[in-house]
Amino acid sequence: MRRLLPYPLLTASLLVMWVLLNDLTPGHVLLGAVIAISASNVMARLQPQKPRIRRWLSIPQLIAIVAADILRSNIAVARLILRQKHVRRVSGFVTIPLDLRDHTGLSVLACIVTSTPGTAWVEYDSARSTLLLHVFDLVDEGEWIDLIKNRYERLLMEIFE
């Protein structure tokens, strides 16, 4: 069974997503199952490192913080875009030193930063352990460094390291 479904949770999630995006018909369920099983087997061939979660109780806190930050960022970016055109905003890049080394934690941080409007993960330099972040409206670099390190990185290190 493990050979057919090396990642059963991934398979089930993909199948549910397929059915939600399409109709609940036998044909779509069958096609979704074939795609989900195939994707699970491709993932097994990639041999990703298994994530080790150390503190499960920190995950809901991280989810709540990220959801609130995404909502707040959506509102802030909408205000910036809808403001009159003569208001000048400065976009820029911020280099953030990271202490987080876990690959899964870094992947989650990349998802958080990318899903938050107004920011984009540009580059991660593993040799120097720095993140290059693009910010749509850069006012204070120190504020962004503090936000990433104390708001996200600290929790991700609790969860994964």
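Numbering of residues starts from 1 in each chain and follows the order in which that chain's sequence is written. Under the rules for a predicted model, residues below a pLDDT of 70 receive no local features and side-chain atom pairs below 80 are neither given nor counted, while totals for whole chains, interfaces and linings still include all residues. Remark: hydrogens and water are excluded; side-chain values derive from all non-hydrogen atoms of the structure.

1. Concerning helix 4 (residues 103–115)
So, point 1. Secondary structure counts use DSSP, requiring at least four H or I residues in a row for a helix and at least two E residues in a row for a strand, with both numbered from the N terminus. Each helix should span, by expectation, one fewer than its residue count multiplied by 1.5 Å. For helix 4, with 13 residues, the first-to-last C-alpha span of 18 Å sits near the 18 Å given by 1.5 Å per residue.
So, point 2. Contacts are assigned to residue pairs with any non-hydrogen atoms lying within 4.5 Å of each other. Against helix 3 (58–82), strand 2 (119–125), strand 3 (130–135) and helix 5 (141–160) lie the buried residues of helix 4.

2. A few points about the nonpolar core
So, point 1. Among the buried residues, those of types Ala, Val, Leu, Ile, Met, Phe, Trp, Tyr and Cys that are joined through side-chain atoms within 4.5 Å form a nonpolar core. For every residue, the accessible area obtained with a 1.4 Å probe (protein chains only) is divided by the maximum for its type, and the residue is called buried under 20%, exposed over 50%, and partly exposed between those limits. Judged by nonpolar contacts, the single largest core of 22 residues is most densely connected at Leu-62, Ile-96, Leu-98, Leu-109, Leu-133, Ile-148 and Tyr-152.
So, point 2. Elements that contribute at least two residues to this core include exactly helix 3, strand 1 (92–97), helix 4, strand 3 and helix 5.
So, point 3. At seven residues, helix 5 tops the list of elements feeding residues into this core.
So, point 4. Each residue touching Ile-96, except ones within four places of it in the same chain, is listed here: Ser-129, Thr-130, Leu-131, Leu-133, Trp-144, Ile-145, Ile-148 and Lys-149.

3. Describing unusual backbone geometry
So, point 1. Even without a glycine there, the phi angle at Ser-129 is positive, about 55°.
So, point 2. Mapped onto the elements of the fold, Ser-129 is located in the loop between strand 2 and strand 3.
So, point 3. Residue Ser-129 is classed as buried on the basis of its relative accessible area, which comes to 5%.

4. A few points about the pattern of salt bridges
So, point 1. What counts as a salt bridge is simple: a side-chain nitrogen of Lys or Arg found within 4 Å of a carboxyl oxygen of Asp or Glu. This model, assessed by the stated rule, comprises seven salt bridges.
So, point 2. Residues Lys-149 and Glu-153 are paired through a salt bridge, measuring 2.7 Å at the closest nitrogen-oxygen approach. Of this pair, Lys-149 and Glu-153 both sit in helix 5, four residues apart, which is roughly one turn of that helix.
So, point 3. Exposure remark for Glu-153: the relative accessible area of 2% places this residue in the buried category.
So, point 4. Residue Glu-158 is joined to Arg-154 by a salt bridge in which the shortest nitrogen-to-oxygen separation is 3.3 Å. Of this pair, Glu-158 and Arg-154 are both found in helix 5, four residues apart, which corresponds to roughly one turn of the helix.

5. Thoughts on the sheet that holds strand 3
So, point 1. Two strands form a pair only when DSSP identifies at least two bridges running between them. Ordered in space as 1-3-2, the three strands form an open sheet in which the pairing is antiparallel. Edge positions in the sheet fall to strand 1 and strand 2, since each has one partner strand and no second. The sheet shows a mean angle of 25° between the axes of neighbouring strands, taken without regard to direction.
So, point 2. Relative to strand 3, strand 2 is paired through six bridges, and the arrangement is antiparallel. Residue pairing in the sheet places Trp-121 in a bridge with Leu-133 of strand 3.
So, point 3. Between N-to-C directions, angles span 0 to 180 degrees; the directions come from axes that are lines fitted to C-alpha atoms, helices contributing only their stretch in contact. Sheet strands touched by helix 5: strand 1, strand 2 and strand 3. Its angle to strand 1, the strand with the most contacts, is close to 45°.

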